[in-house]
Amino acid sequence: MPADTVSVTGWGRTAPTVARLIRPRTYEEAVAAVRGCGVRGGIPRGLGRAYGDAAQNAGGAVFDMTGLDRIHAIDVDGGTVSCDAGVSLHRLMRVLLPLGWFVPVTPGTRQVTVGGAIGADIHGKNHHVSGSFSRHVLSLELLTADGEIRTVRRDTPLFDATTGGMGLTGVILTATVQLQPVQTSLMSVDTERARDLDDLMARLAATDDHYRYSVAWVDLLARGAATGRAVLTRGDHAPLDALREGTRARRDPLAFRPSRLPPAPAHLPEGLLNRRTVACFNELWYRRAPRARTGELQKLSTFFHPLDGVPHWNRIYGRGGFVQYQFVVGHGQEETLRRIVRRISEHRCPSFLAVLKRFGDADPGWLSFPLPGWTLALDIPAALPGLGALLDTLDEDVAAAGGRVYLAKDSRLRPESLAAMYPRLDAFRSLRAELDPRGVFVSDLARRLAL
Amino acid sequence: MKDAFGLPQSLLVLGGTSEIALATARRMIARRTRTVWLAGRPSPALEQSAAELRALGADVRTVAFDALDPESHEPALGKVFAEGDIDMVLLAFGILGDQAHDEREPLSAVRVAQTNYTGAVSATLVSASALQNQGHGSLVVLSSVAGERARRANFIYGSSKAGLDAFTQGLGDALHGTGVHVMVVRPGFVRSKMTAGLAEAPLATTPEAVATAIEVGLRRRSETVWVPGALRLVMSALRHAPRALFRRLPI
Ligand SMILES: Cc1cc2nc3c(=O)[nH]c(=O)nc-3n(C[C@H](O)[C@H](O)[C@H](O)COP(=O)(O)OP(=O)(O)OC[C@H]3O[C@@H](n4cnc5c(N)ncnc54)[C@H](O)[C@@H]3O)c2cc1C
Ligand SMILES: NC(=O)c1ccc[n+]([C@@H]2O[C@H](COP(=O)([O-])OP(=O)(O)OC[C@H]3O[C@@H](n4cnc5c(N)ncnc54)[C@H](OP(=O)(O)O)[C@@H]3O)[C@@H](O)[C@H]2O)c1
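Just so you know, the residues in each chain are numbered from 1, in the order the chain's sequence is written. Going through the entries in the order they are written, you letter the chains from A and number the ligands from 1. Reporting in this predicted model follows two pLDDT cut-offs: at least 70 for local features of residues, and 80 or more for side-chain atom pairs to be given and counted; totals over whole chains, interfaces and linings ignore these cut-offs and use all residues. Note: side-chain values were computed over all heavy atoms of the structure, leaving out hydrogens and water.

An unreviewed UniProt entry lists chain B under the name Short-chain dehydrogenase, with Streptomyces viridochromogenes given as the organism. UniProt positions are given in the numbering used here, feature names are shortened, and annotations may be inferred rather than shown by experiment. Check the Sequence similarities (unreviewed entry) section of the UniProt entry for chain B; it says "Belongs to the short-chain dehydrogenases/reductases (SDR) family."

Per an unreviewed UniProt entry, chain A goes by the name Decaprenylphosphoryl-beta-D-ribose oxidase and belongs to Streptomyces viridochromogenes.

See below:
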């Protein structure tokens, strides 16, 4: 199997390390790659959309799973799909929408693999209704450190260690996933503005239950009383009768037509993003949003994946790359959330719209991120002076409130902070010690956080 | 592993009692570093340095290392890397010598050259290959503005640093694409025991300022860092000054 020695980073383009990239095309090749990966081990990688160092492995092997991308079976009546872990959600949408089915959970980009979705136990705008991705995984096949392939069923320790396990229990080869029925490929969306953070939280708490999908885009650069002003967009899949008779949409209601713009150029001047330009963008964006609008029909891609329209948008942060900080704190910890928002805002982080969402019930994955409460995510240029220290203090606040930071987004957490955030960490470590005594599966994230 | 800001969790200092290195270690410990190796000639001062860093909460160990004994570098440093990944190696050993004396005593001039240049060549090559096997890490080398252009007043030291600087730049290019980041640090006059009792040069700075510059350099993955930053321009002017003029400058 060919292996290239390449420099690897996550989506945030920080902390590059070098590894042998191996792209198995068959399960046999995957087994051979795991068996022969050498002393510095290996880690599976999907489409590299984790922001930090989860899918890199300095000096060792990285298994690029996108070469295993077959869809094996679709149950059109029962709404399930069995496929290789390297299949992207984009591809699933293309194939499944015309059949009247949608993925059960989609993140803010379609460019993730099924393996990455399970490995990070991803959540979407429907978390408060549908939970995280693993809730819809009926079973999976896992290639473990001994080179064996095991079928892993729900409600077993290995399942719960693997969902959210960041690739550290083994390589997911295939999965069977329960789908969401839809009548059209359009979304019916309600938009409203919130004038500040408290107004926003009140609106989300009061009426989130009316919507399957809900998210708010928050302006953390707005000063003073306007801090945390936001635009809420909430909605559901549009039913067929929401489409007007005689329109193109009505004639072909399940057509999937994502919008696409040219990619961001490879080399952009440094300092393009600064407080002024970003504040200006946020201002325009807030003003542009309607005060209140209901039942607007939007494309799936506009509603779920606005950033996918600009391939390689991560380049706009320049050479230094960027960090995404996403944390969750439980219901009742609103004061912590307010304090953190205030701190970020006081630090004047040139951050494009942050995303605030209310999570519903947690799923059992031992290192799964969501817990019932409030989650906030924001992108910040890594070059911002003082950012590291700021985020360290936020970690302490989050941990003290019983919350946690999302590993799929992380590139800078300290190992000391981790144990408090993930109480099942010890169980995870012992399972790994038993299943993988030689430490075959290891990543830069695992080394940094001693997972 | 280094984090998104280039901050190391583990640090190996070559020249474990260097004031600049200790200021850097203190700063790294305050931010991220948990494991520190101080490599140096065994002495109470070395143990004292380790104790000071331990008091800041780091796990600190010392290892015997003599720049003048290159044969020992491979086994001594090999032992350190065998214990776990090293995210940053800081090459900080060096001696200033005594120019007037060393001009009269060729053997002591050679000692300066052997410590600062050949000793460093061997120690960096050993470290670089270990870092390359890891696929990550920063190699930070304390060069000096003195190496930028040899001066009448300290050309023995200056030439050794010029050699080290050129060597490190070349090594950085050789390691490009291996995941190993090589950074040359060129401080001006730093107030430390190396310069104790000497007349201060303009733009004199502190070990703490060098530590700060190193932290910023790590974050930016810089290849060259001047401390203070203004020296870059000053030295660029001096480099181009005609010999006849340069010779007579009071520097
Ligand atoms: C624009 C954008 C928006 C996003 N929005 C969201 C969001 O709304 N919600 C959310 O939860 N996440 C979100 N993410 C994060 C993203 O969904 C996750 O990081 C996801 O894991 C990426 O999948 P990937 O295929 O790119 O995996 P990678 O980034 O390549 O890998 C991620 C992790 O999964 C593991 N993994 C990958 N493949 C396998 C496999 N076959 N077997 C075992 N483990 C495997 C890797 O080892 C690694 O630990 C977003 C990311 C971006 C860039
Ligand atoms: N101070 C300045 O103005 C200045 C300016 C530019 C560059 N620099 C460079 O920065 C580095 C650190 O300087 P500093 O100011 O921190 O000076 P310092 O405190 O005097 O440190 C020098 C270090 O070198 C070590 N050393 C000397 N010979 C050695 C040998 N044979 N083997 C192992 N270690 C040896 C010393 O260890 P012992 O305890 O065993 O002696 C000491 O740890 C040096 O390379 C220096 O050239 C300094």
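With that settled, the discussion passes to the interface of chain B and chain A. The criterion used for residue contact is that any of the two residues' heavy atoms lie within 4.5 Å. Across the boundary between the two partners, chain B contributes 20 residues, which contact 29 residues of chain A. Overall, the association of chain B and chain A removes approximately 1900 Å² of surface from exposure, summing both partners, and the carbon and sulfur fraction of that is 49%. For any pair of parts, buried area is found by adding up, for both, the accessible area (1.4 Å probe) each one loses once the two are put together. When residues of chain B are sorted by the area they lose upon contact with chain A, Met1(B), Phe5(B) and Arg221(B) head the list and together hold 30% of the total. Any carboxyl oxygen of Asp or Glu that lies within 4 Å of a side-chain nitrogen of Lys or Arg is treated as forming a salt bridge with it. On the surface where chain B and chain A come into contact, there are five salt bridges. Arg32(B) is the partner of Asp392(A) in a salt bridge, and the nearest nitrogen-oxygen pair spans 2.7 Å. A 3.5 Å cut-off defines polar contacts: any pair of N or O atoms within that distance qualifies, except that in protein one atom must be a possible hydrogen donor and the other a possible acceptor, and neighbouring residues in sequence count only when both atoms are side-chain atoms. Connecting chain B to chain A are twelve residue pairs in polar contact (both at pLDDT 80 or more). Just so you know the grouping, Ala, Val, Leu, Ile, Met, Phe, Trp, Tyr, Cys and Pro go in nonpolar, Asp, Glu, Lys and Arg go in charged, and all remaining residues, Gly too, go in polar. Broken down by class, the residue content of the side of chain B that touches chain A amounts to three nonpolar, eight polar and nine charged.

Residue and element names in this part refer to chain A. Strand order in the open sheet made by the five strands is 5-6-10-8-9, with antiparallel pairing throughout. Edge strands, defined here as strands with exactly one partner in the open sheet, are strand 5 (71–75) and strand 9 (149–153). Between one strand axis and the next, the sheet turns through 10 degrees on average, direction left out of account. In this description, strands pair whenever DSSP reports at least two bridges between them. Here a strand is any run of E in DSSP of at least two residues, a helix any run of H or I of at least four, and the numbering for each starts at the N terminus. Two strands pair when backbone bridges link them, and strand 5 and strand 6 (residues 80–84) are joined in this way by four bridges, in the antiparallel orientation. Considered in strand 6, the bridge of Ile-71 is made with Cys-83. Axis lines are fitted through C-alpha atoms, for helices just across the contact stretch, and the angle between N-to-C directions can take any value from 0 to 180 degrees. Packing against the sheet, helix 1 (residues 27–35) makes contact with strand 5, strand 6, strand 8 (137–143), strand 9 and strand 10 (171–178), and its axis sits at approximately 135 degrees to strand 10.

What follows is about the pattern of salt bridges. Residue and element names in this part refer to chain A. On inspection of all chains with the given rule, the structure shows 46 salt bridges over all chains. For Arg-135, the salt bridge identified is with Asp-363, shortest N-O distance 2.9 Å. Separated by 228 residues along the polypeptide, Arg-135 in the loop between helix 4 (127–130) and strand 8 and Asp-363 in the loop between strand 17 (354–359) and strand 18 (373–381) bring together distant segments of the chain. The class of Arg-135 is partly exposed, set by a relative accessible area of 31%. Exposure is judged per residue with a 1.4 Å probe applied to protein chains only, and the accessible area is read against the type maximum: over 50% gives exposed, under 20% gives buried, and values in between give partly exposed.

Right, let's talk about a nonpolar patch on the surface for a bit. Residues and elements named next belong to chain A. Residues forming no salt bridge and having over 30% relative accessible area are the ones grouped into patches, like charges within 9 Å of each other and nonpolar side chains (Val, Leu, Ile, Met, Phe, Trp, Tyr) within 5 Å. A 1.4 Å probe and the Shrake-Rupley method give the accessible areas. Residues count as covered only by the protein chains that appear here. A contiguous nonpolar patch, built from Val-76, Val-95 and Leu-99 and spanning about 200 Å² of accessible area, is present on the exposed surface. On the secondary structure map, Val-76 appears in the loop between strand 5 and strand 6. Assessed through its relative accessible area of 40%, Val-76 is described here as partly exposed.

Residue and element names in this part refer to chain A. Secondary-structure assignment places Thr-227 in the loop between strand 13 (213–219) and strand 14 (229–237). For Thr-227, a relative accessible area of 15% corresponds to the buried category. Only 2.8 Å separates the side chain of Thr-227 from the backbone oxygen of Gly-224, close enough to count as a polar contact. In contact with Thr-227, other than residues within four places in its own chain, are Asp-196, Leu-197, Asp-219, Ala-222, Val-341 and Ser-345.

For Phe, Tyr and Trp, rings pair up if their centres lie within 6.5 Å, where Trp contributes its six-membered ring, and each pair is then called stacked (planes under 30 degrees apart), edge-to-face (over 60) or tilted (otherwise). With the rule as written, the count across this model stands at twelve aromatic pairs over all chains. Considering the side-chain rings of Trp313(A) and Phe322(A), the 5.7 Å spacing of their centres and the 50 degrees angle between planes classify their relative orientation as tilted. The buried category is assigned to Trp313(A), whose relative accessible area is 11%. The rule is short: NZ of Lys or CZ of Arg within 6 Å of the ring centre and within 35 degrees of the ring normal puts a charge over the ring. Sitting over the face of the ring of Phe303(A), Lys125(A) holds its NZ or CZ atom 3.9 Å from the ring centroid. Lying over the aromatic face of Phe246(B), Arg149(B) brings its terminal NZ or CZ to 4.1 Å of the ring centre.

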